[in-house]
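# Summary of the model geometry
Listed here are the chains, written in short residue letters.
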Amino acid sequence: MATARYRYVQELTDRHGHIRLYYRRNGFPRATLRGPVGSAEFIADYEAAATQTPVAKSGPTRGTWRWLCCAYFASTDYKTLDERTQRVRRRILELTWNEPAPNNTSVLYSECPVLRLDARLIRVLRDRKASVPESANSRLKAIRAVFTWACEADHVSSNPGREVKFLRSKRIGGFHAWNDAEIAKFEERHPIGTKARLAFALLLYTGQRRSDVVVFGRQHVKAGWLHFVQHKNRNRFPVTLQLPILPELQSVLDQSPTGDLTFLVSAFGKPFTHGGFGNWFSDRCREAGLSDCSAHGLRKASARRLAEWGATTEQIKAWCGWRTAKEADRYLREVNQRKLAGSVVTLVAKSKNGTKV
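This one's a predicted model, so the numbers in the text were calculated from it and none came from an experiment. (Residues numbered from 1 in each chain as written. Predicted model: local features only at pLDDT ≥ 70, side-chain atom pairs only at ≥ 80, totals over all residues. Heavy atoms only, no water.)

### Some remarks on the packing of aromatic side chains
The line we're drawing: Working definition: a ring pair exists when centres of Phe, Tyr or Trp rings (six-membered ring for Trp) sit within 6.5 Å. Plane angles under 30 degrees give stacked, over 60 give edge-to-face, the rest tilted. What counts as a helix is a DSSP run of H or I of at least four residues, what counts as a strand is a run of E of at least two, and both are numbered from the N terminus. For each residue, the accessible area found with a 1.4 Å probe, counting protein chains only, is set against the maximum for its type, and the residue is called buried under 20%, exposed over 50%, and partly exposed in between.
Following the criterion strictly, the structure yields 23 aromatic pairs and no others. On the basis of an interplanar angle of 75° and a centroid distance of 5.6 Å, the ring pair of Y23 and Y46 is categorised as edge-to-face. Here the residue Y23 occupies a position in strand β2 (residues 19-23), and Y46 occupies one in helix α1 (residues 40-50), the gap between them amounting to 23 residues. For the pair Y23 and Y46, one class covers both residues: buried. When the centroid spacing of 5.3 Å and the interplanar angle of 40° are considered together, the rings of F272 and W280 count as tilted.

If you want it as structure tokens, here you go:
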């Protein structure tokens, strides 16, 4: 009988390989349940745990991991983050509180003294998400952020999270970058005049993220140029861009219905949210038979095409809004590798004709 039939039941495997059952409900004492699930002993323990008196709420014990996280939530460093980043990071950190200690499942990380939370214990938290490397790395990144702030606030003297490495992502290379055949296929499926083609043109011909594209409107257009501050890191390290509106984009804008404050609007006539737009655009990609393509892949395609057209590192940085040359140089290396490899064909042809190379 599955534990899913019983609310608040958690199944954990200890370091000896034994399965442990616990009743864990917010606001109630944690209780150990005898197994197997569905047995008379289990049902008796479950009913006893469900009728316990709720625990009176109290603040975290000073010096514990939960206390440090709560202090971080009240800090300026945390409050200057984007609202969505705050929500995601808080959720990630709160989930670490309920993780049982590696050597004692009755002790939670929330009560672990900060001074004893070393790299080994942080590595355990990371590895419990190893099946999803992106989630594991997000957890590690959040823990590092807390300790970075704690060092500056003199709560700790070092950042043990820095001693733990990020896991290798299963998604090599990140989001799939659109190729020219995929671009042509989407354009064929979604002609000019459709909302899908307008969204596609804004993404491809500006090279910006979906968080920027969803807020673009006529108020950002001045004398044929787009003026805006990139959404990402706008509160901490704002990047202001001015991009010329390319003729291809202007043609699509002139022939497409748009909203009042934003060019793109949802089916309800309101601006898209970031997540809502990403899901909606993915549906349009699937309609064109492009299940591997996404909105962010068009940003990568824009950078790739600039490199193929001979743009320099600084030109690609200026167009995409990158502060460093790392991303721009990556696209230039890929294009140059392809060009140099292609030049080998000429060398081989000359050698066959007897021409000295």
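### Considerations on the nonpolar core
What tends to happen in soluble globular proteins is that the nonpolar side chains get buried as a cluster. So the rule is basically this: Put simply, buried Ala, Val, Leu, Ile, Met, Phe, Trp, Tyr and Cys residues joined by side-chain atoms within 4.5 Å make one nonpolar core.
The biggest cluster of nonpolar side chains holds 49 residues, and the ones touching the most others in it are W178, F186, F277, F281 and I316. Examining the composition of this core, we find that 8 residues originate from one element, helix α8 (residues 195-204), more than from any other. Counting 30 residues, the second largest nonpolar core, distinct from the first, contains L93, L140, V156 and V164.

### Considerations on the sheet that holds strand β1 (residues 9-13)
Going by this rule: Strand pairing follows a simple DSSP-based rule, namely that at least 2 bridges must link the two strands. Lines fitted to the C-alpha atoms define the axes, with helices restricted to the stretch that makes contact. Angles between their N-to-C directions range from 0 to 180 degrees. The contact rule is simple, with two residues in contact once any of their heavy atoms fall within 4.5 Å.
Pairing is antiparallel across the open sheet formed by 3 strands, whose spatial order is β1-β2-β3. What marks the edges here is a single partner per strand, and that holds for β1 and β3 (31-33). Across the sheet, the axes of successive neighbouring strands diverge by a mean angle of 35°, strand direction being ignored. Taken together, the 3 bridges between β2 and β3 define a ladder with antiparallel strand orientation. Counterpart to Y22 in the pairing with β3 is T32. Of the strands in this sheet, β1, β2 and β3 are in contact with α1, which crosses β3 at around 165°.

### Here's the deal with the sheet that holds strand β5 (residues 225-229)
Backbone-to-backbone hydrogen bonds pair the strands of a sheet. The strands run either parallel or antiparallel. Spatially, β4-β5-β6 is the arrangement adopted by the 3 strands of the open sheet, whose pairing is antiparallel. Looking at the sheet topology across the chains shown, the edges are occupied by β4 (221-222) and β6 (240-244).

### Examining the packing of helix α7 (residues 180-189) against α8
Definition in use: Should an angle fall under 35 degrees it is taken as roughly parallel, and over 145 as roughly antiparallel, whereas 65 to 115 is taken as roughly perpendicular and any remaining angle as oblique. By the definition used in this description, the sense in which the near helix is turned from the far one sets the handedness, with an anticlockwise turn below a right angle giving left-handed and a clockwise turn giving right-handed. Here the term charged refers only to Asp, Glu, Lys and Arg, the term nonpolar to Ala, Val, Leu, Ile, Met, Phe, Trp, Tyr, Cys and Pro, and the term polar to all other amino acids, Gly among them.
At a closest axis distance of 9 Å, the pairing of α7 and α8 adopts a crossing angle of 150°. When the axis of α7 is compared with that of α8, the two are roughly antiparallel. In the crossing of α7 with α8, the sense of the turn from one axis to the other is left-handed. Between α7, through I183, F186 and E187, and α8, the contact on the second element is made entirely by A196, R197, F200 and L204. Looking at the contact of α7 with α8, its residues break down into 5 nonpolar, no polar and 2 charged.

### A few points about a nonpolar patch on the surface
Stated precisely, the cut-off is as follows: For patch detection, residues must exceed 30% relative accessible area and be free of salt bridges, and they are connected within 9 Å for like charges or within 5 Å for nonpolar side chains (Val, Leu, Ile, Met, Phe, Trp, Tyr). We get accessible surface area from the Shrake-Rupley algorithm with a probe of 1.4 Å; when it comes to residues, only the shown protein chains can shield them. Counted as salt bridges are all cases of a side-chain nitrogen of Lys or Arg within 4 Å of a carboxyl oxygen of Asp or Glu.
A contiguous nonpolar surface patch, about 220 Å² in accessible area, is contributed by V344, L347 and V348. Secondary-structure assignment places L347 in helix α14 (residues 326-352).

### Regarding the side chain of Q230
Filter applied, for reference: What qualifies as a polar contact is a pair of N or O atoms within 3.5 Å, subject to a donor-acceptor requirement within protein and to the restriction that residues adjacent in sequence count only when both atoms come from side chains.
Position of Q230 among the secondary structure elements: in the loop between β5 and β6. Among the residues examined, Q230 registers a relative accessible area of 2% and is labelled buried. Within the structure, the side chain of Q230 is placed 2.8 Å from the side chain of Q208, a separation counted as a polar contact. For Q230, the residues in contact, after removing those within four places along its chain, are Q208, R209, D212, V239, L241, R299, C320 and G321.

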